[in-house]
Amino acid sequence: MFWKDKVVFLTGASSGIGEGLALALAKKGATLGLLARRKEMLGELAEKCEAAGGKSRVFACDVVDAEAVQDAADALRSEFGKIDILIANAGIGGNNEETQNLKPEAVKKVIDINLIGAVNSVSAVLPQMLERGSGQLVAISSLAGFRGLPKSAAYCASKAGMTAFFESVRLDVQNKGVAVTIIQPGFIKTPLTSGRENKMPFLMELENSIPHFLRAIERKKKFAAFPWQLATIVRAGKFFPARLYDRIAGGAKYRE
Ligand SMILES: NC(=O)c1ccc[n+]([C@@H]2O[C@H](COP(=O)([O-])OP(=O)(O)OC[C@H]3O[C@@H](n4cnc5c(N)ncnc54)[C@H](OP(=O)(O)O)[C@@H]3O)[C@@H](O)[C@H]2O)c1
């Protein structure tokens with residue numbers, strides 16, 4: 001019953017986790033605003049969502065374009081009267097040579113999409129949620145936001161920033177009716193991880209990951225990290241002294 005008639009603004013809906021979430025939410029009767037850059041894929045997804053029983057609208061735009069994200073949120077709100085839940089999911093891995101070589105433009109692109117894109121999305125929905133005294137902001141962050149990882153400076157920085165941003169917002173909106181849920185997944189099989197040949201510990205199938213996202217949102221959890229095995233390792237790593245952490249994490253090879 002949680003999702004029935006909820007209006008959900010979902011960024012990064014055209015593939016992977018976003019697509020999986022959209023279909024699951026449509027089946028549960030949610031109304032969806034689907035945002036991503038690839039219009040055709042969104043169109044096909046919208047048809048599947050309608051067939052599954054959920055209403056949906058498509059917004060083909062870039063999350064880095066604050067005005068376009070605002071326009072999309074305004075259009076969704078004016079048609080359905082409210083936005084109950086934002087799922088800030090749009091993101092890229094930046095798994096390329098330029099990013100790994102710390103070329104400023106390449107690093108900026110990852111941070112712009114993953115962090116500033118989420119900021120734009122929050123900014124487009126939060127004032128009206130506060131006015132109504134209800135709503136939920138959901139960040140699809142990552143276990144990669146806990147500590148630095150090799151060959152992942154841009155991605156880790158973007159996800160650490162995202163986690164800190166949403167946690168800070170939570171402090172500002174507590175007791176105002178708006179919940180903030182920060183989800184920190186490990187490795188999930190999606191187009192984002194598909195190019196990698198190296199080992200990804202505890203890699204999850206997309207369909208097995210979707211219930212974890214849904215549960216975290218339905219329970220309005222402040223933080224949800226999974227799979228538990230990797231989440232436990234990463235949490236423990238937080239307490240390692242730098243010398244030990246550098247020795248262990250420096251040997252990880254999942255981005256080569
Ligand atoms: N897969 C994992 O192992 C994993 C683990 C932890 C966290 N995550 C996070 O989960 C989120 C979804 O990733 P995924 O694995 O599902 O990857 P994915 O299949 O590549 O999906 C990424 C989504 O983000 C959208 N997107 C990318 N850049 C955008 C932009 N500038 N403006 C609007 N939309 C944009 C893409 O759509 P368009 O290209 O059509 O714009 C696509 O819909 C990301 O934030 C990622 O960091 C993934």
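Refer to the preceding data block for the structure.
If you're wondering where the values come from, they're calculated on a predicted model, not measured in any experiment. (Residues numbered from 1 in each chain as written. Predicted model: local features only at pLDDT ≥ 70, side-chain atom pairs only at ≥ 80, totals over all residues. Heavy atoms only, no water.)

Draft legend 1. Seen up close, unusual backbone geometry. Between Phe226 and the following residue, Pro227, the backbone shows a cis peptide bond with an omega angle of -5°. Of note in the backbone geometry, Asp5 takes a positive phi value of approximately 65° without being a glycine. With respect to the helices and strands, the residue Asp5 is situated in the segment before strand E1 (7-11). Relative accessible area serves as the criterion here: at 47%, Asp5 is assigned to the partly exposed category. In this structure, Phe202 takes a positive phi of about 60° despite not being glycine. Note on placement: Phe202 falls in the loop between helix H7 (191-194) and helix H8 (206-218). (Helix = DSSP H or I, 4+ residues; strand = E, 2+ residues; numbered from the N terminus. Buried < 20%, exposed > 50% of the residue type's maximum accessible area, 1.4 Å probe, protein only.)

Draft legend 2. Expanded view of the sheet that holds strand E2 (residues 31-36). Spatially, seven strands are ordered E3-E2-E1-E4-E5-E6-E7 in an open sheet, and the strand pairing comes out parallel. Looking at the sheet topology across the chains shown, the edges are occupied by strand E3 (56-60) and strand E7 (223-226). With strand direction ignored, the average angle separating the axes of adjacent strands in the sheet is 15°. For strand E4 (residues 85-88) and strand E5 (residues 135-140), the ladder comprises four bridges, and the chain directions are parallel. Looking across to E5, one finds that Ala88 is bridged to Ala139. (Pairing = 2+ DSSP bridges. Axes fitted to C-alpha atoms, helices over the stretch in contact; angles between N-to-C directions.)

Draft legend 3. Geometry of the site of the ligand. Close to the ligand lie 30 residues, the nearest being Ile17, Arg37, Tyr155, Ile188 and Thr190. Arg38 places a polar side-chain atom, nitrogen or oxygen, 2.8 Å from an oxygen atom of the ligand. The contact in question runs from an oxygen atom of the ligand to an N or O atom on the side chain of Lys159, over 2.9 Å. Protein chains shield 96% of the accessible area of the ligand, which is 870 Å² for the free molecule. Contributing elements (two or more residues each) for the shell around the ligand: helix H1 (16-27), helix H6 (153-173) and H7. It is H7 that contributes the most residues to the shell around the ligand, three residues altogether. (Near = heavy atom within 4 Å. Polar contact = N/O pair within 3.5 Å; in protein donor to acceptor, adjacent residues only side chain to side chain. Areas by Shrake-Rupley, 256 points an atom, 1.4 Å probe, with all protein chains shown as cover.)

Draft legend 4. Seen up close, the pairing of E1. Where burial is concerned, most of E1 is hidden: five out of the five residues are buried. Burial along E1 is two-sided: the face carrying Val7, Phe9 and Thr11 and the face carrying Val8 and Leu10 are both buried. Bridge count between E1 and E4: three bridges; the pairing is parallel. Paired with Phe9 across the two strands is Leu86, which belongs to E4.

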